[in-house]
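Topology and contacts: notes
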Amino acid sequence: MKKVIQIIPSVGYGDAVGNDCLAVAEALSGMGYETGVYARTVDGRVRNPLVRDFSRLPRLSGDDVVILNHCTGSDLCERFKKMNGRKMMIYHNITPPRFFEGFSREMEQNLSEGYRQTRDLASVVEYCMPISEFNASDLTDMGYTCPMFIRPPLIPFGDYKKKPDKRITDKYGGGGFTNILFVGRIAPNKKQEDVIKAFAYYQRNVNERSRLFLVGNDKGLERYSLALKRYAVALGCENVVFTGHTRFEELLAYYKLADVFLCMSEHEGFCVPLAEAMFFDVPIIAYDSCAVPETLGGSGVLINDKEPVFVSLMIDRLVGDKALRRRVIEGQRKRLKDFSYGIVKARLEEGVRAFADKV
C-alpha cells in the first residue's frame, strides 16, 4: 500500500491549519493510502489515532508521498528536503513578520525564517496545494514553478451542528444587545485594534446596547493582547469580551449570539472564520485585503475603508435593514456551497491522486 503522509511542526487544538491537516488525513485514509500526521508537538487535547509523534515517522520508499504543511519557520523544512519519497506541500501562507515588530521578537524571527525556507524549498517541492489563489500567487512570487492545485480548507461543517455551550448563550443571550463578533487568534495582522476602534464609535454614537466578542487565543502575544485591552479602556468601550482560547462548543455559542461578523484583518491566507460566519448566517463586514475578497467570493459586505463612522453605519444598516440583511445572508449561503465538505473533499482527492498516483 502506498504511503501518503503529512508532516507538520505542531498540531494545535482548534486552530485552522491543524484542523485542515486532520481533515486531510481522514480523507487520505478513506482514499486507501497508508497515512498519518507526524508532528514535533501535539496538543494533549487532540485525540486522533492518525496523529503521531515525529519520532514514529515510517520508512518511505521513492514512490511514497510526503506532504509538508507549511505555515511557519521550522526545522522540519530541512528534514523534509532530505526525506525519501516524492515531495508535496500544502501551503497555508506565512504571515509577514513586520506585523509582529514590537510584540514578539521570537515570532518575528520565526516568520522571517519561514519565508527564507519557503524560497529555499522551491527547488525541492514537486507539487503544491495552496489553499487559495492568493497563496498560489505568493508561491509564484517566491520562485515556484511546479504544478499547483488550489483547493480551499476542508471544513467538516457537520460538526458545527452540535449544541452550543449553554452557559455562554445563557450569560449573553437576551437583554436587547447587538453582538459584534470577530473570531481569530489575537495577533497584530488580524488588526483587532481596528475592530475595537469601529466598535467604540458604534457603541458611543449609534447603539449603546452593543457588545463586542473577540474570540481567540493570545498565547505568545500577551503584549499585543494587553495593548488591545488598554486601548478598549482608553476609548471608553464597555462590554468588550476577550474570550481567550475557547472550546468548540463555546465557539458555536458565540456564532449563535452574533448579529454581525466584523473582520479588519490585513493578512489572511484564506480566513476560515468567514466561512464559519456564512454557515451560521451571520452577515459579514470585511476589509478588502489579501485572500479575504477571494474567500467571500462576492458575498458579505467588502469594504476598503476602515473609518469608524463608515464602518459603524454599515453595522447599523446590517442590523436594522431587514431586506439588506436577508440579501447579504442569501449571498453568503450561495458562496458557502463552494466550501461544502463533499465538494472540497472531492477536489482534494482529485488533486492528491493527480500527484500521488502518477508514475
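Overview of the structure.

What counts, and where the lines are drawn
- Residues numbered from 1 in each chain as written.
- Predicted model: local features only at pLDDT ≥ 70, side-chain atom pairs only at ≥ 80, totals over all residues.
- Heavy atoms only, no water.
- Salt bridge = Lys/Arg side-chain N within 4 Å of Asp/Glu carboxyl O.
- Helix = DSSP H or I, 4+ residues; strand = E, 2+ residues; numbered from the N terminus.
- Buried < 20%, exposed > 50% of the residue type's maximum accessible area, 1.4 Å probe, protein only.
- Expected span 1.5 Å × (residues − 1).
- Arc of directions from axis to C-beta.
- Contact = heavy atoms within 4.5 Å.
- Phe/Tyr/Trp six-rings, centres within 6.5 Å; stacked < 30°, edge-to-face > 60°.
- Pairing = 2+ DSSP bridges.
- Right-handed = clockwise from strand over helix to strand, strands pointing away.
- Polar contact = N/O pair within 3.5 Å; in protein donor to acceptor, adjacent residues only side chain to side chain.

1. What about the pattern of salt bridges?
Inspection of the entire model under this criterion finds 22 salt bridges. A salt bridge links Lys2 to Asp63, with the shortest nitrogen-to-oxygen separation between them at 3.5 Å. One end of the pair, Lys2, is in the segment before strand E1 (4-11); the other, Asp63, is in the loop between strand E3 (51-53) and strand E4 (65-70), with 61 residues separating them in the sequence. Its salt-bridge partner being Lys81, residue Asp120 comes within 2.7 Å of it at the nearest N-O pair. You can see Asp120 sitting in helix H3 (residues 105-120) and its partner Lys81 sitting in helix H2 (residues 76-82), a full 39 residues away along the chain. Looking at Lys81, the relative accessible area reads 29%, which means it is partly exposed. Among the charged side chains, a salt-bridge network with shared partners connects Asp165, Arg167, Arg247, Glu249 and Glu250.

2. Description of helix H12 (residues 322-336)
Taking 1.5 Å per residue as the helical rise, H12 with its 15 residues ought to reach 21 Å, and the 21 Å between its terminal C-alpha atoms agrees with that figure. The set of residues buried in H12 consists of Leu324, Arg325, Val328, Ile329, Gln332, Arg335 and Leu336. The buried residues of H12 occupy one face: seen down the axis, they fall within an arc of 130°. Exposed residues pointing more than 90 degrees away from the buried face of H12 are listed as Lys322, Arg327 and Lys334. Among the structural elements, helix H9 (272-279), strand E11 (284-287), helix H10 (292-296), strand E12 (301-303) and helix H11 (308-320) are those in contact with the buried residues of H12.

3. Digging into the packing of aromatic side chains
A full pass over the atoms with the stated rule returns 15 aromatic pairs. Where Phe157 meets Tyr160, the ring centres are 5.6 Å apart and the plane angle is 45°; that geometry is what we call tilted. Take Phe157 and Tyr160: they sit in the same class, and that class is buried. Where Tyr172 meets Tyr254, the ring centres are 6.5 Å apart and the plane angle is 40°; that geometry is what we call tilted. Residue Tyr172 is located in helix H5 (residues 166-172), and its partner Tyr254 is located in helix H8 (residues 248-257); the two are separated by 82 residues in the primary sequence. On the basis of relative accessibility, which here comes to 12%, the residue Tyr172 falls in the buried class.

4. With respect to the pairing of strand E8 (residues 210-215)
Counting buried positions over the 6 residues of E8 gives 6, a clear majority of the element. Neither face of E8 is exposed, since Ser210, Leu212 and Leu214 on one face and Arg211, Phe213 and Val215 on the opposite face are all buried. Pairing of strand E7 (residues 178-183) with E8, which is carried by 6 bridges, proceeds in the parallel orientation. Looking at E8, one finds that Asn179 is bridged to Arg211. Read as a crossover between parallel neighbours, the route from E7 over helix H6 (residues 192-205) to E8 is right-handed.

5. Quick notes on the side chain of Thr178
Note on placement: Thr178 falls in strand E7. By relative accessible area, Thr178 is classed as buried at 9%. A distance of 3.0 Å separates the side chain of Thr178 from the side chain of Asn207, its partner in a polar contact. Residues in contact with Thr178, not counting those within four places in the same chain, are Tyr202, Asn207, Arg209, Ser210, Arg211, Asp259 and Val319.

Functional significance is not addressed by these values, which are geometric in nature.
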